[in-house]
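Below, each chain spelled out in residue letters.
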Amino acid sequence: MMSGNERNCRCLYVIENNKKLEISTTARLSVAPMMDWTDRHCRYFHRLMSRSALLYTEMVTAPALVRGGALHLLDHDPAEHPVAVQLGGSDPDELAEATRLCCAAGYDEVNLNVGCPSDRVQSGAFGAVLMKSPGLVGDCLAAMRAVSSVEVTVKCRIGVDDQEPREVLPAFLETVAATGVSRVIIHARKAWLQGLSPKENRDVPPLDYALVAEMKRAFPVMHVSVNGGISTLAEAQSLLAMGLDGVMIGRAAYHDPAAILLGADEDLFGLPGRKTARQVAEEMRPYIARHLAAGGRLHNVTRHMLGLFAGAPGARAWRRVLSEGAAGQGAGLEVLDAALAALPRAA
């Protein structure tokens, strides 16, 4: 794996079976940044299932890094690459400094959050509320790119509140493109900042995949990924067939990771070597052992593994043994062994 040093390149390459995949290719499938879910343990687990999919951190706020000194939020395992960090913030200078820290930590991409509708980000004047201030977004992205040694990207909504997406989204993307940012992830729903909870904002506003596809045609040089409501690889393939460059999957990749990630390398990247869910569980053992030896708790890791056998025989027993046993003080690998023993051998 190597990163281009030229300012006009900003490319990451993943060498896989003698094939060179640019990061824009790995972004063909990405796992969405999700608060309290896509931490470093989750990302390591997901990487065992797909060597190529692009993984994202939880959103990390620029103030936490720059003012709070919370650099531990950037910790990650080298095995996670290609991995991107998502930043939240609205101050260009602060975002620039946070970007420097992210690059120094070794991330392959720095993404600006312009899509989260939670009360927390609204009160901090960032996230989806920034859709109302495209000029400020442009200033933030320009400041980030000026100091970044890796690609800077943006994740946004099609609009917020009473905005008309067909009017505001093209104008927003024009502003983004003018900064030199050439890759965007568009959540194909509006965000309602008042009247809907963050959870409702993930389901209630209608999806408009066709509009996102129109944006790809309007901005052919831009790498456009779509996010929102995608629950299977077949759906991902149908969206890619519409001319989109990438698909970002969130909750489905977390709750049923085997269905999304175990077949991704073969189906979307043309790479052999599909694993079984049981193989992945076994391959987590050394990582879990290192985590426990460092003083970590089993639950920190295994809470992300509960959906590994979703829909398979024995899945309920797997979840029960793992969730009940991992929470105990001093719980160790014997809990993972017991959970695996509760599955049929064919699982």
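All of the points below concern the structure found in this document. (Residues numbered from 1 in each chain as written. Predicted model: local features only at pLDDT ≥ 70, side-chain atom pairs only at ≥ 80, totals over all residues. Heavy atoms only, no water.)

### Examining the overall build of the chain
What counts, and what does not: Only DSSP runs of H or I reaching four residues or more are called helices, and only runs of E reaching two or more are called strands; each is numbered from the N terminus. Each residue's exposure class comes from its accessible area (1.4 Å probe, protein chains only) as a fraction of the maximum for that residue type: buried when under 20%, exposed when over 50%, partly exposed otherwise. Contacts are assigned to residue pairs that have any heavy atoms within 4.5 Å of one another. The Shrake-Rupley method, run with a 1.4 Å probe sphere, supplies the accessible areas, and residue values consider only the shown protein chains as cover.
Assigned secondary structure in the chain consists of 17 helices and eleven strands. Burial statistics for the chain: of 347 residues in total, 54% are counted as buried. For the chain, the proportion of contacts with a sequence separation of at least 24, taken over those separated by at least 6, is 71%. Total accessible area computed for the chain in this model is approximately 14000 Å², and 52% of it derives from carbon and sulfur atoms.

### Observations concerning helix α9 (residues 233–240)
Let me state the cut-off plainly: Relevant arc is that of directions from the helix axis to the C-beta atoms, nothing else.
Residues of α9 that are buried include every one of Leu 233, Ala 236, Leu 239 and Leu 240, and no others. Taken down its axis, α9 places every buried residue within 120° of arc, on the same side.

### Here we look at the pattern of salt bridges
Here is the rule: For salt bridges, the criterion is a side-chain nitrogen of Lys or Arg within 4 Å of an Asp or Glu carboxyl oxygen.
Throughout the structure, instances matching the rule amount to 14 salt bridges. For Glu 97, the salt bridge identified is with Arg 100, shortest N-O distance 2.9 Å. In this pair, Glu 97 and Arg 100 are both assigned in helix α4 (residues 92–104), three residues apart and thus about one turn of the helix distant. Residue classification places Arg 100 among the partly exposed positions, given a relative accessible area of 42%. A network of salt bridges, in which partner residues are shared, links Glu 109, Glu 151 and Arg 183.

### Focus: the state of the cysteines
Keep this limit in mind: We call a pair of cysteine sulfur atoms a disulfide whenever their separation is within 2.5 Å.
Taken as a whole, this structure holds zero disulfides when the rule is applied. Between Cys 102, a free cysteine, and Cys 103, which holds the nearest cysteine sulfur, the sulfur-to-sulfur gap is 6.9 Å.

### Here we look at the pairing of strand β8 (residues 151–157)
Stated formally: Two strands qualify as a pair provided DSSP detects at least 2 bridges between them. The handedness of a crossover follows from its direction of travel: if, with the strands pointing away from the viewer, the path from the first strand over the helix to the second runs clockwise, the crossover is right-handed.
Judged by how many residues are buried, β8 sits mostly within the fold: seven of seven residues are covered. Of the two faces of β8, the one holding Glu 151, Thr 153, Lys 155 and Arg 157 and the one holding Val 152, Val 154 and Cys 156 are both buried throughout. Relative to β8, strand β7 (residues 109–114) runs parallel, the two being bridged by six bridges. Note on β8: the bridge partner recorded for Leu 112 is Val 154. When β8 meets strand β9 (residues 183–187), the two strands line up parallel, connected through four bridges. Following the sheet pairing, Val 154 is matched in β9 by Val 184. Taken together, β8, helix α7 (residues 165–178) and β9 constitute a β-α-β crossover, and its handedness is right-handed.

### Brief notes about the sheet that holds strand β5 (residues 54–61)
In plain terms, the rule: All axes are obtained by fitting lines to C-alpha atoms, using only the stretch in contact for helices, and the reported angles, taken between N-to-C directions, cover 0 to 180 degrees.
Spatially, β4-β5-β6-β7-β8-β9-β10-β11 is the arrangement adopted by the eight strands of the closed barrel, whose pairing is parallel. Going from strand to strand, the sheet's axes swing by 25° on average, the running direction of each strand aside. Looking at chain direction, strand β10 (residues 223–227) and strand β11 (residues 246–249) are connected through three bridges and run parallel. Residue pairing for β11: Asn 227 is matched across the bridge by Met 248. Each of β4 (29–31), β5 and β6 (83–88) touches helix α2 (residues 40–49); the most contacted strand, β5, lies at about 170° to it. In this fold helix α8 (residues 209–218) packs onto β9 and β10, with an angle of close to 175° to the strand it touches most, β10.

### A closer look at unusual backbone geometry
Both trends apply: most residues other than glycine have a negative phi, and most peptide bonds are in trans. Here the bond from His 81 into Pro 82 is cis, since omega is 0°, no more than 30 degrees from zero. Within the element layout of this structure, Pro 82 appears in the loop between α3 (62–66) and β6. Notably, Asp 36 is not glycine yet its phi reads approximately 70°, a positive angle. If you trace the backbone, Asp 36 turns up in the loop between β4 and α2. Although it is not a glycine, Asp 161 sits at a positive phi angle of roughly 50°. Inspection of the secondary structure assignment puts Asp 161 in the loop between β8 and α7.

### A look at the packing of α4 against helix α6 (residues 134–147)
Threshold: Left-handed describes a crossing whose near helix is turned anticlockwise from the far helix through less than a right angle; right-handed describes the clockwise counterpart. Note on residue classes: Ala, Val, Leu, Ile, Met, Phe, Trp, Tyr, Cys and Pro are nonpolar, Asp, Glu, Lys and Arg are charged, and everything else, Gly too, is polar.
Where α4 contacts α6, the two axes come as close as 8 Å, and the packing angle between them is 35°. Read as a crossing pair, α4 and α6 show a hand that is right-handed. Side by side, α4 and α6 meet where Pro 92, Leu 95, Ala 96, Thr 99 and Arg 100 of the first sit next to Leu 136, Asp 139, Cys 140, Ala 143, Met 144 and Val 147 of the second. Taken together, the residues of the contact of α4 with α6 sort by class into eight nonpolar, one polar and two charged.

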